[in-house]
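# Coordinate analysis (summary)
What follows is each chain in one-letter form.
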Amino acid sequence: MTVDSIQNGIVIDHIAAGCGMKIYELLGLGTAGAPVAIMMNVTSGKMGRKDIIKIDGEIPLNLDAIGFVDPGATVNVIRDGELKEKKRIGMPERLENVIRCKNPRCISTTEQELPQVFLLTDREKKEYRCAWCETKAAGL
Amino acid sequence: MRSVIDIQDLSPEELDRLMDRAEDIIAHPDDYAEACHRKKLATLFFEPSTRTRLSFEAAMYELGGNVITVAGADASSAAKGESVADTVKTVSLYADIIAMRHPKEGAARVAALNASVPVINAGDGGHLHPTQTLADLLTIRREKGGFSGLTVGLCGDLKFGRTVHSLISALSRYEGMRFVLISPEELKVPSYVKSEALKKKNIPYTQVQDLESVIGDLDILYMTRVQKERFFNEEDYLRLKDSYILTPEKLKKAKSDLCVMHPLPRVNEISVAVDQDPRACYFKQMLNGKFMREALILKLLNIAD
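Values in this document were obtained by computation on a predicted structure and should not be read as measured data.

## Some details on the overall build of chain A
The number of helices and strands found in chain A is two helices and eight strands. Along the longest, intermediate and shortest principal axes, the C-alpha atoms of chain A span 50 × 30 × 25 Å. Burial analysis of chain A (140 residues in total) assigns 44% to the buried set. Counting contacts in chain A only where the partners sit at least 6 residues apart, residues at least 24 apart contribute 57% of the total. Taken as a whole, chain A presents about 7700 Å² of accessible surface, with 47% of it coming from carbon and sulfur. Mean positive and mean negative side-chain charge positions of chain A (19 and 19 charges, respectively) differ by 5 Å.

Pasting the structure below:
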């Protein structure tokens, strides 16, 4: 299966197989206005299988959302058909407005315009807790 | 500008200094009678409270300060939908320090970020209640002379009880503590509390279901309420509820210098007959809370520190 290469845009690569849709959802790519291709379970020399997201056009991306789902993913910026920038994401220390707190008693459920903030509390377990009520982030 | 939202906001050294200050206030109340002259404490209690609110207000009056207050969420702009941020920004204009209780977890942190005066968390939902822990710590220090080598039993609802988590976390910073966690299976201390406060610091602890079998080992017995609605089934509740009621009979097996504590209100988990026992410390605990709140107000207002 082939997908046309892009002239100007972003390729999110090395996404662990199965995580592509979650990144697509968290980045809100369905409503971002740019053409998007998601390839899932693509053969990869290093990873065996991986997912790839191609975005035709440079749109602002919340890199923390990508790092939250898969810290191993890379973001490649393509301009005039050439790779201009390659970013390794890693695990963000802080997430802002990426996920929502599931605790119905959390102040973030009622306070006007309070951002949804999560802090990395355990790197090994990849555990994030709400900065307001300290409730553990629900798993993906 | 400093706020206290979590007991962890205070270092062990600061806790020691607060306790020293509280002891000094107890010994020399007249020295502090004008300490907060012309200062105003705003008590914002968006949730019912008897002890904590009165304790804060009494504390400020004993320091010679004044109190302005909102009588409850219904009486404030919060009822009109005003945010916590806007409420405390406004109150900061009128008061020098704020004590706030709010039903939403994390509300105190939002308040502290937006207020231009110090905020003391007087309870944010089921989350944190640091001044209760201050009361607990002073009680233990006054009754036991310190924190070293104590066996502390915590009994009842150890899963949802915010005071228990906070106390474990605060006590785990002292050397030589040992914990006995007494609760039904459904209400055990959450694993993240054990992992953070106990396992990481190699603090010895045991978990049991039966109070009577361990009461003789304890230096401190911290009772909490076991609420029926916390149980998954009625049968377990009926089977276990009596085992978590402290009676003079059960106390016969306890050490003569045991210190019985409870954050109050109690419903029926400590028999009223226990109140006469010299080992009952829960009302002293409430009084100690007032002195610690005085010490904390002084610290946050940078008075006499």
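## Some thoughts on the nonpolar core
Core analysis: the largest hydrophobic core is formed by 58 residues, its most contacted members being Leu-154, Ile-168, Leu-171, Phe-179 and Ile-297 of chain B. When residues in this core are grouped by element, the largest group, seven residues, is from helix H10 (residues 282–300) of chain B. Counting contributing residues per domain, this core is built from domain 1 (7–128 + 286–300) and domain 2 (131–285) of chain B, each supplying no fewer than three. Excluding its chain neighbours within four sequence positions, the residues that come into contact with Ile-168 of chain B are Leu-154, Phe-179, Leu-181, Val-189, Val-193, Ala-197 and Leu-198 of chain B. Counting 55 residues, the second-largest nonpolar core is a separate cluster that includes Ile-23, Ala-34, Ala-65 and Ile-107 of chain A.

## Regarding the sheet that holds strand E6 (residues 178–182) of chain B
All names here are of chain B. Spatially, E7-E6-E5-E8-E9 is the arrangement adopted by the five strands of the open sheet, whose pairing is parallel. Each having just a single partner strand, strand E7 (205–208) and strand E9 (259–261) make up the two edges of the open sheet. Strand-to-strand, the axes of this sheet are offset by a mean angle of 15 degrees, without reference to chain direction. Bridge analysis of E6 against E7 gives four bridges, and the strand direction is parallel. Note on E7: the bridge partner recorded for Phe-179 is Tyr-205. Along the sheet, helix H6 (residues 162–171) contacts strand E5 (151–155), E6 and strand E8 (220–223); its crossing angle with E5, the most-contacted strand, is approximately 165 degrees. Together, E6 and E7 form the strand contacts of helix H7 (residues 191–199), whose direction differs from that of E7 by roughly 150 degrees.

## Quick word on the environment of Leu-27 of chain A
Residue and element names in this part refer to chain A. Along the chain, Leu-27 falls in the loop between helix H1 (20–26) and strand E2 (36–44). For the pair formed by Leu-27 and Lys-54, sequence separation is 27 residues and the distance between their alpha carbons is 13 Å. In contact with Leu-27, not counting residues within four places along its chain, are Ile-12, Leu-61, Asn-62, Ala-65 and Ile-66.

## Considering the state of the cysteines
Residue and element names in this part refer to chain B. Summed over the entire model, instances satisfying the criterion amount to zero disulfides over all chains. We note that Cys-281 lacks a disulfide partner, and the nearest cysteine sulfur, in Cys-259, lies 3.3 Å from it. Using a relative accessible area of 1% as the deciding quantity, one classes Cys-281 as buried.

## Brief notes about the domain arrangement of chain B
Residues and elements named next belong to chain B. According to the domain assignment, chain B consists of domain 1 (7–128 + 286–300) and domain 2 (131–285). Between the C-alpha centres of domain 1 and domain 2 the distance comes to 26 Å. Summed over both partners, the interface of domain 1 with domain 2 comes to about 2300 Å²; 54% of that surface belongs to carbon and sulfur atoms. Applying the counting rule to domain 1 against domain 2 returns two salt bridges. With a shortest N-O distance of 2.8 Å, Asp-20 and Arg-141 are connected by a salt bridge. Linking domain 1 to domain 2 there are 18 residue pairs in polar contact (both at pLDDT 80 or more).

## Comments concerning the sheet that holds strand E8 (residues 127–130) of chain A
To summarise the sheet geometry, strands pair through backbone hydrogen bonds and adopt either a parallel or an antiparallel arrangement. Residues and elements named next belong to chain A. Judged by pairing direction, the sheet is antiparallel, and its three strands sit side by side in the order E6-E7-E8 without closing on themselves. Only two strands of the sheet have a single neighbouring strand rather than two, namely strand E6 (94–96) and E8. Strand-to-strand twist in this sheet, taken as the mean axis angle between neighbours without regard to direction, amounts to 30 degrees. Where E6 and strand E7 (residues 117–122) come together, three bridges link them in antiparallel fashion. From the neighbouring strand, Glu-96 faces E7, where its bridge partner is Val-117.

## Here's the deal with a nonpolar patch on the surface
Residues Ile-68, Leu-93 and Tyr-94 of chain B make up a contiguous nonpolar surface patch of about 330 Å² in total accessible area. Assignment of secondary structure puts Tyr-94 of chain B in the loop between helix H3 (84–92) and strand E3 (97–102).

## Observations regarding the domain arrangement of chain A
All names here are of chain A. According to the domain assignment, chain A contains domain 1 (9–88) and domain 2 (94–130). Each of domain 1 and domain 2 has a C-alpha centre, and these two points are 23 Å apart. If you look at the interface, domain 1 gives seven residues, while domain 2 gives eight residues. Across the domain 1/domain 2 interface, buried area totals approximately 570 Å², and carbon plus sulfur atoms make up 65% of it. Between the two partners, domain 1 and domain 2, sit zero salt bridges. Where domain 1 packs against domain 2, one counts two residue pairs in polar contact (both at pLDDT 80 or more). The dominant element in the side of domain 1 that touches domain 2, judged by the number of residues it contributes, is helix H2 (residues 63–69), at four residues. Partitioned by chemical class, the residues of the side of domain 1 that touches domain 2 number five nonpolar, one polar and one charged.

Parameters at a glance
- Residues numbered from 1 in each chain as written.
- Chains lettered and ligands numbered in written order.
- Predicted model: local features only at pLDDT ≥ 70, side-chain atom pairs only at ≥ 80, totals over all residues.
- Heavy atoms only, no water.
- Helix = DSSP H or I, 4+ residues; strand = E, 2+ residues; numbered from the N terminus.
- Buried < 20%, exposed > 50% of the residue type's maximum accessible area, 1.4 Å probe, protein only.
- Contact = heavy atoms within 4.5 Å.
- Areas by Shrake-Rupley, 256 points an atom, 1.4 Å probe, with all protein chains shown as cover.
- Lys, Arg positive; Asp, Glu negative; His and termini not counted.
- Charge placed at Lys NZ, Arg CZ, Asp CG, Glu CD.
- Core = buried A, V, L, I, M, F, W, Y, C linked by side-chain atoms within 4.5 Å.
- Domains from an automatic or database assignment.
- Pairing = 2+ DSSP bridges.
- Axes fitted to C-alpha atoms, helices over the stretch in contact; angles between N-to-C directions.
- Disulfide = S-S within 2.5 Å.
- Buried area = accessible area lost by both parts, 1.4 Å probe.
- Salt bridge = Lys/Arg side-chain N within 4 Å of Asp/Glu carboxyl O.
- Polar contact = N/O pair within 3.5 Å; in protein donor to acceptor, adjacent residues only side chain to side chain.
- Patch = residues over 30% accessible without salt bridge, like charges linked within 9 Å, V, L, I, M, F, W, Y side chains within 5 Å.
- Nonpolar A, V, L, I, M, F, W, Y, C, P; charged D, E, K, R; others polar.

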